[in-house]
Each structure stands twice: as structure tokens, then as C-alpha cells.
Amino acid sequence: MSIHIIKMPDLGEGIAEVELVAWRVAPGQAVTEDQILADVMTDKATVEIPSPVNGVVLALGGAVGQVLAVGAELIRIEVAAETEAEAKAGEAAGSGAGGSAPAGSARAAPPLDSAPAKASAPVASTAAAPAVVPTPALLKPSSPPADDKPIASPAVRRRAWELGVDLRRVAASGAGGRIMQADLDAHVAAHVPAPGAVAAQASAPASGTGPAAPRDDEERIPVLGLRRRIAQKMQESKRHIPHFTYVEEVDVTELEALRARLNAKWGAQRGHLTLLPLLLRAVVLAVRDFPQINARFDDEAGVVTRHGAVHLGIATQTDSGLMVPVLRHAETLDLWASAAEVARLAAAARSGKATRGELSGSTLTVTSLGALGGIVSTPVINAPEVAIVGVNRIALRPMLRGGAVVARQMMNLSSSFDHRVVDGVDAAGFVQALRVTLEAPALLFIDK
């Protein structure tokens, strides 16, 4: 028997370090070749690290949330001598995924964690929650589960707390054992009593019930994985980029009418169109006249690169946080091809299956919260890009047209720009070009 040391592999794209976001194995567990050992996160995506050998896990190389350099020891696995020989042969052929050491020399190596570190235990949230009557089976399990801390986003944790659900009892389907909203829904459907039973418990409070007792509970949630990456990117962008935001209102009455006609005629065969692909087409047309907007700025080298290709980042909310999959070569896509590709990218991002290539290389980003878009927003630039187009909600408002007050569907565009390399007049001209095209949507189909 010997010890096989698996090191953090080089994941390419100049990545020097990764964050350990989940362990899939534990010390003492038998593993097989190609079994996933851990999930790590780069600046772009979550990557699964497989085992190159069969064996038994001896020690883990870090705690969840720890940042590991490429080449650092990730895990130690005890393997049979013949398995080790095969692994060495594979490494000699160029795999380079790990190293090995004889069993007798393991003590001389730097010690690794014998078990994964546990995240700090969450306590109930301080935010006020609607009155929900939890069932004893959910709050106080008759046979308490093991003291493993569940992996879940803050939104999932808050909802579980409101429902009185012990997340340790919820079966996880997400990557690395992450509990998703769908897992919580399935658990609630299987265990929460019928609405009538809950209503009976909640009705008629006991006589003499006074004001609610003051609360002093709190929840401590480690900022790990994608959430940490988002925090770092946002902080870096706001710290280094002098943002300015330009807001313009757009009359989308004719655009919405056109969209309705296109869906009525072609929706069944080609798919239903939302506003987004029409807006993306308008962006593609506008950057032809304003190439300085479709650009990336390397501030260390002092170089702005303007791109002929339009690779549009589409800000997408997922259970893990905000991700920006990239619609590549948007200039080549018609409305329906654009809509289909955006839907595919969003589904891949939300399921955790988006590749690094699908999450990098954007030249300009579009962000929209749909009906939640509000009146005005100040979107943060996705560095090293130099602009971001924000879409606010559509609202029916009284407008003066031809001397008469008429109801029109109005929408604001809130766009932010990097003032180091984009002048105000260019930003305004770009947004006005968007407005003109969206208000006269026949222009969407004219190739300049």
C-alpha cells in the first residue's frame, strides 16, 4: 500500500488559485477512479475534481471556503501498489493531476486536515417572518440527524426557517450537496400537513395573548463560493471604476405591439418572444455606431480593446447568486435564435452546468429584473467591460402625444459607463440610439 497525493490541477485560463466550495468525500471513504472528490470555484465557474485512482481517503487538504493555489495538496488517498504504479504511468504520460509518496514518508509531509472543517452553525434569522405554524415532525425530529451543516443559499435558509423546516432533513440535489429551492418544495410537500390542519392549529389564539416577545436571535452565514466571488467582483468594480449612470425613458408601445403580433403568428413554430431578444438586437445595432461601448479596458496596460464581435453578458439570478452567461456573436442571431440561446444559457447557469467558456468573454452586459426592475437602477459594470445596460419595468403612463394625453407603455433604460474611457456624450448617444430603434421597431430589421 502507498499514499497517492492529489494536487490542485491547473485549470487553464491563467488561473492561479481556486476556492474549495464542497467536499464530496470524507476520510475513511472508499473512492473509485473518476469519482468526484471536490468542487472548486474559479473566477468563472465551479469545477469538479475527479479521482485518478481507486483507494481510500486518508486526509483532506483544506476546509470549505479555503483558497488553494494551483499545485497545492488537495487530498491523500491510500492505494494498492499496482494502482499507484498505474497512476504514476498516467502522470508520466502527461496527466499531472497528482503526486505520490510512500506510506512510510507520509508523516514527514505537511499535515492535512483529517476531516473537513465545519461551517459555523446557523442560528435563526433576525428578519421578521410571516406567521407559520411549524409541525413538530419538522422542528423537533424524533431521532436527530447527524450534526452535518447543510449547504444552502441564504434565500433557501430563510425560507426553510419561515416554514420551520430542519434543513438537515432535506434531501439535496444540487452540486456538492447543495439544497435547492426545489428540494425544499419537495420536502414541504411530503411532510407539511394539509392547509386545513394548519389553519385549525393557527386559529383562535389563546385568551390573554399579549404582544410578541422581543427577539435577539441571529444567523451567521459564511460568505463562500460564488457569493464570495460576487462580493469580490462588485467591490473591485466599484472601487476601481468611476461609474456614471445615464437614464432615459423609452416608449415601447409599438415594440410591445410588434412583439404580440410576432408571437401570434410565429410563437407556436418558433417559440415565444420576450422583450429581451428585441432589446439585444437593438444593442447590436447601436454598438455599430458606438464601438467604444462594446469594449474592454485593461487599466494596467492602459489599453482599450474595441470588439467587432458582440458577446453580450446576460445577468442571470440563480440560487447561488448572480451569474453572467455570455450570448456569443449576438450580431449573427435573429430574434428567435437569440431567445433560444439565452434560455439555454440561463438554464445551464441555474442548474450549475454552465461551462467556463459560457461564463467568460463578454464585451457588454445587459441586466434586467423584469417586473421587479423598478423605475431607475444604477447597475454595476462587469469589469473589464466599460458599460452595462439596465432594463427597468414597463409601466402604463399618461403621456402627451399630438396635444392629447394618451396611455403609453413606458420603460426606462438605466445604463452605467466607465467614465475613464467613455465620455458622457458618447454614452448619451448610445442610449439615444437604443431609444430611437426601440420606439420605431421596424428599424430592428434593417441591417445597416
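Before any of the text, the structure's been laid out above.
Small disclaimer: the values here were computed from a predicted structure and weren't measured.

### Considering the overall build of the chain
Now for step 1: Secondary structure summary: the chain contains 10 helices and 21 strands in total.
Now for step 2: Split into buried and exposed, the 448 residues of the chain put 40% on the buried side.
Now for step 3: A separation of at least 24 residues holds for 67% of the contacts in the chain among residues at least 6 apart in sequence.
Now for step 4: Roughly 22700 Å² of accessible area belongs to the chain as shown, and the carbon and sulfur atoms make up 57% of that amount.

### Observations regarding helix α9 (residues 335-351)
Now for step 1: End to end, α9 covers 24 Å across 17 residues, agreeing with the expected 24 Å (1.5 Å per residue, within 8%).
Now for step 2: Looking only at α9, the buried set comprises Leu335, Trp336, Ser338, Ala339, Val342, Leu345, Ala346, Ala348 and Ala349.
Now for step 3: On its buried side, α9 packs onto α7 (253-270), α8 (275-289), β15 (312-314), β16 (316-318), β17 (321-323) and β18 (326-327).
Now for step 4: After α9 finishes, the residue Gly352 shows a positive phi value of roughly 80 degrees.

### Some details on empty space enclosed by the protein
Now for step 1: Considering all chains together, one arrives at 1 cavity of 30 Å³ or more under this definition.
Now for step 2: What lines the largest cavity is Pro277, Leu280, Arg281, Val284, Leu327, Ala330, Leu333, Asp334, Leu335 and Ser338.
Now for step 3: Looking at the lining of the largest cavity, the elements with two or more residues in it are α8 and α9.
Now for step 4: Sorting elements by how many residues they give to the lining of the largest cavity places α8 first, with 4 residues.
Now for step 5: Considering only residue class, the lining of the largest cavity consists of 7 nonpolar, 1 polar and 2 charged.

### Details of the packing of aromatic side chains
Describing an aromatic ring pair means giving the distance of the ring centres and the angle of the ring planes.
Now for step 1: Summed over the entire model, instances satisfying the criterion amount to 2 aromatic pairs.
Now for step 2: Here the aromatic rings of Phe417 and Phe430 are separated by 6.4 Å at their centres, their planes lie at 85 degrees, and the arrangement is edge-to-face. Of this pair, Phe417 sits in strand β21 (residues 404-418) while Phe430 is found in helix α10 (residues 424-439), placing the two residues 13 residues apart along the sequence.
Now for step 3: Judged by relative accessible area, Phe417 falls into the buried class, the value being 0%.
Now for step 4: Here the aromatic cluster, defined as three or more aromatic residues joined through ring pairs, consists of Phe244, Phe417 and Phe430.
Now for step 5: Here the guanidinium or amino end of Arg270 rests over the ring plane of Trp266, the centre of that ring lying 4.2 Å away.
Now for step 6: In this arrangement the basic side chain of Arg270 is found over the ring face of Trp336, its NZ or CZ atom lying 4.7 Å from the centre.

### Brief notes about the sheet that holds strand β2 (residues 17-23)
Now for step 1: As summarised here, the arrangement of the 4 strands in space is β5-β4-β2-β7, forming an open sheet in which the pairing is antiparallel. Looking at the sheet topology across the chains shown, the edges are occupied by β5 (46-50) and β7 (67-69). Averaged over all neighbouring strand pairs, the angle between strand axes comes to 40 degrees, with direction disregarded.
Now for step 2: Where strand β4 (residues 36-41) and β5 come together, 5 bridges link them in antiparallel fashion. Bridging from a neighbouring strand, Ile36 pairs with Pro50 of β5.
Now for step 3: Against the sheet, helix α6 (residues 225-240) contacts β2, β4 and β7, and its axis sits at roughly 150 degrees relative to β2.

### What about the pattern of salt bridges?
Now for step 1: Using the criterion set out here, one finds 19 salt bridges in the structure.
Now for step 2: Taking the shortest distance from any N to any O, the salt bridge between Asp217 and Arg215 comes out at 2.6 Å.
Now for step 3: Assessed through its relative accessible area of 48%, Arg215 is described here as partly exposed.
Now for step 4: The closest approach of N and O atoms between Arg435 and Glu439, which form a salt bridge, is 2.9 Å. Separated by 4 residues within a single helix, Arg435 and Glu439 lie in helix α10, roughly one turn from each other.
Now for step 5: Overall, Arg435 belongs to the partly exposed group, its relative accessible area being 22%.
Now for step 6: Looking at Glu439, the relative accessible area reads 28%, which means it is partly exposed.

### Some remarks on α6
Now for step 1: With 16 residues, α6 extends 23 Å from end C-alpha to end C-alpha; this agrees with the ideal 22 Å at 1.5 Å per step.
Now for step 2: Taken as a whole, α6 has its buried residues at Gly225, Leu226, Arg229, Ile230 and Ser237. For α6, the angular spread of buried residues about the axis comes to 135 degrees, placing them on one side. Across from the buried face of α6, at angles greater than 90 degrees, the exposed residues are Lys238 and Arg239.

### Quick look at the sheet that holds strand β12 (residues 243-251)
Now for step 1: Overall, mixed pairing links the 6 strands, which are arranged β12-β21-β20-β19-β15-β18 in an open sheet. Only two strands of the sheet have a single neighbouring strand rather than two, namely β12 and β18.
Now for step 2: Of the pairings in the sheet, the one linking β15 to β18 comprises 2 bridges and is antiparallel in character. The residue bridging Leu312 from the neighbouring strand is Leu327, located in β18.
Now for step 3: Sitting on the sheet, α7 is in contact with β12, β20 (387-401) and β21, with an inclination near 95 degrees to β21.
Now for step 4: Each of β12, β19 (364-368), β20 and β21 touches α10; the most contacted strand, β12, lies at about 20 degrees to it.

### Observations concerning the pairing of strand β6 (residues 55-60)
A regular strand carries its side chains on alternate faces of the sheet.
Now for step 1: Where strand β3 (residues 30-31) and β6 come together, 2 bridges link them in antiparallel fashion. By the bridge assignment for β6, Val31 is matched with Gly55.
Now for step 2: In this sheet, strand β8 (residues 73-79) lies alongside β6 in antiparallel orientation, the contact comprising 4 bridges. Across the sheet, Leu60 pairs through a bridge with Ile75, a residue of β8.

Each value, and the rule that gives it
- Going along each chain's sequence as written, the residues are numbered from 1 onward.
- Thresholds applied to this predicted model are a pLDDT of at least 70 for local features of residues and 80 or more for the giving and counting of side-chain atom pairs; totals over whole chains, interfaces and linings are not thresholded and use all residues.
- The side-chain quantities take in all heavy atoms of the structure and omit both hydrogens and water.
- In this description a helix means any DSSP run of H or I spanning at least four residues, a strand means any run of E spanning at least two, and both kinds are numbered starting from the N terminus.
- Think of it in three bands: residues with accessible area under 20% of the maximum for their type are buried, residues over 50% are exposed, and the middle band is partly exposed, with areas taken using a 1.4 Å probe on protein chains only.
- Residue contacts are counted whenever heavy atoms from the two residues lie within 4.5 Å of one another.
- The Shrake-Rupley method, run with a 1.4 Å probe, gives the accessible areas here. Residue values count only the displayed protein chains as cover.
- Any helix carries an expected span of 1.5 Å times its number of residues minus one.
- Space inside and on the surface of the protein is sampled on a 1 Å grid over the protein atoms alone, with a cavity defined as a set of points where a 1.4 Å probe fits but cannot get out and a pocket as an open set with protein on both sides within 12 Å along at least 5 of 7 lines; lining residues have an atom within 4 Å of a point.
- Grid points are joined across faces, edges and corners, and a volume is the space filled by probe spheres set on the points.
- Charged residues are taken to be Asp, Glu, Lys and Arg, nonpolar residues to be Ala, Val, Leu, Ile, Met, Phe, Trp, Tyr, Cys and Pro, and polar residues to be all remaining types, Gly included.
- Paired rings are identified among Phe, Tyr and Trp, the last through its six-membered ring, by centres lying within 6.5 Å, and are further divided according to the angle between planes into stacked (under 30 degrees), edge-to-face (over 60) and tilted (the rest).
- Geometrically, a charge over a ring is one whose NZ (Lys) or CZ (Arg) sits within 6 Å of the ring centre while staying within 35 degrees of the ring normal.
- Strands were regarded as paired on the criterion that DSSP finds at least two bridges between them.
- For helices, the fitted axis covers only the stretch in contact; all axes are lines through C-alpha atoms, and the angles between them, taken along N-to-C directions, range from 0 to 180 degrees.
- Just to be clear on terms, a salt bridge is a Lys or Arg side-chain nitrogen sitting within 4 Å of an Asp or Glu carboxyl oxygen.
- Arc, as used here, means the arc of the directions from the helix axis to the C-beta atoms.

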